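Coordinates in review
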Amino acid sequence: MDGVKPFDIPKREVWEAFKKVKANQGAAGVDGQSIADFEADLTNNLYELWNRLSSGSYFPPPVRRVDIPKVDGGTRPLGIPTVADRIAQEVARRYLEPRLEPAFHADSYGYRPGKSAVDAVRRARQRCWRYDWVLDLDVKAYFDSIDWELMLRAVRRHTNRPWVLLYIERWLKAPMQMEDGSIVPRMSGTPQGGVISPILANLFLHYAFDMWMARRCPHIPFERYADDAICHCKSAEEAQVLWSALADRFAACKLVLHPEKTKIVYCKDANRRGDFPIISFDFLGFQFRARKTMWREGTKRIFAHSFQPAASPKALTFISRTIRRLGASS
């Protein structure tokens with residue numbers, strides 16, 4: 001007999017979570033344990049993890065920080081949890097996803113089943129034909145800035161399950177182990193690299209942005225992929241008013257719009273006259289700008305400049321760098 005546990009977490013859920021983590025592979029965490037190492041004593045490891053999760057005695061170890069290259073040439077910090085911790089997070093993610101998915105906005109595309117970056121780009125392309133202006137949003141250090149109390153308040157709107165709330169709070173507050181081995185406490189944010197982080201990050205912006213837009217600006221469509229979002233406006237004035245209102249909204253949610261990277265864009269093409277300093281934007285690895293296009297009417301070929309996406313110069317540079325790096329290491 002296992003005895004009565006304070007939290008009812010089925011063993012089957014831990015097993016299903018392990019299968020998902022194994023399928024995704026991934027590096028070892030601070031304990032150096034690989035998926036193969038964990039699997040070498042699978043029954044005991046899964047039982048121990050289930051036992052600790054069910055009893056409330058599970059405390060996540062620090063996440064291991066690694067820096068990965070960004071498309072723009074900089075680096076992005078990732079927090080790599082241990083294999084056991086990834087399984088524990090997957091148990092919670094499996095519980096949360098079916099409860100959050102029906103509530104999420106149709107134009108939120110990031111980390112969601114049945115939606116992709118390509119879907120977001122396709123919808124943005126269609127709307128850029130109908131709306132002349134875009135407000136291109138950039139949230140400064142989003143994943144590092146999420147306020148824990150506001151995050152937990154958002155989670156509580158969808159579940160009152162004590163174990164979910166307890167462990168999400170512990171995951172949010174788990175410290176970071178740096179490359180030199182030092183342990184650094186964290187005061188906000190959810191580390192990119194965690195299994196639970198994408199759905200939490202989506203939930204936070206669901207309330208900070210998606211629902212605010214639906215309530216305050218239902219006439220302004222948008223596409224959002226995680227913290228990358230663009231809004232379609234009828235005029236530069238409308239875009240400027242929205243920018244100001246969103247800056248206040250994000251400030252109330254303890255987030256900051258990047259003052260240089262957030263910008264108003266004129267979707268200039270053959271039919272849109274007038275000058276504006278910014279006539280292109282990047283979204284999810286694609287650059288939107290006027291491009292020469294051709295179509296046929298009968299036997300006639302017609303050429304024009306249409307506002308269209310194509311792989312961005314940054315993305316192409318990143319791909320060529322990656323290929324060179326792989327070639328050098330082979």
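As a reminder, the structure under discussion sits directly above these lines.
The following refers to the structure shown. Small disclaimer: the values here were computed from a predicted structure and weren't measured. (Residues numbered from 1 in each chain as written. Predicted model: local features only at pLDDT ≥ 70, side-chain atom pairs only at ≥ 80, totals over all residues. Heavy atoms only, no water.)

Quick word on the overall build of the protein chain
Within the protein chain one finds eleven helices and eleven strands. Within the span of the protein chain, comprising 330 residues, buried residues form 44% of the whole. Counting contacts in the protein chain only where the partners sit at least 6 residues apart, residues at least 24 apart contribute 68% of the total. Total accessible area computed for the protein chain in this model is approximately 16,700 Å², and 54% of it derives from carbon and sulfur atoms. (Helix = DSSP H or I, 4+ residues; strand = E, 2+ residues; numbered from the N terminus. Buried < 20%, exposed > 50% of the residue type's maximum accessible area, 1.4 Å probe, protein only. Contact = heavy atoms within 4.5 Å. Areas by Shrake-Rupley, 256 points an atom, 1.4 Å probe, with all protein chains shown as cover.)

Some thoughts on the side chain of threonine 82
With respect to the helices, strands and loops of the structure, threonine 82 is situated in the loop between β2 (75–80) and α4 (83–100). Judged by relative accessible area, which is 3%, threonine 82 ranks as buried. There is a polar contact of 3.1 Å between the side chain of threonine 82 and the backbone nitrogen of aspartate 85. If near-sequence neighbours (up to four positions away) are discounted, threonine 82 is found in contact with Gly29, Val30, Asp31 and Pro61. (Polar contact = N/O pair within 3.5 Å; in protein donor to acceptor, adjacent residues only side chain to side chain.)

Points about the sheet that holds strand β7 (residues 228–233)
Across the sheet, four strands lie side by side as β6-β7-β3-β8; this open sheet has antiparallel pairing. At either end of the open sheet lies a strand with only one pairing partner, and these are β6 (222–225) and β8 (263–266). Taken pair by pair, the neighbouring strands of this sheet meet at an average axis angle of 20 degrees, ignoring direction. With six bridges connecting them, strand β3 (residues 133–138) and β7 associate as antiparallel partners. Looking at β7, one finds that leucine 137 is bridged to alanine 229. Across the sheet, helix α5 (residues 117–130) touches β3, β6 and β7, and the angle it forms with β6 is around 160 degrees. Where helix α9 (residues 197–216) meets the sheet, it contacts β3, β6 and β7, and its direction lies at approximately 175 degrees from that of β6. (Pairing = 2+ DSSP bridges. Axes fitted to C-alpha atoms, helices over the stretch in contact; angles between N-to-C directions.)

None of the figures reported here should be taken as evidence of function without further support.
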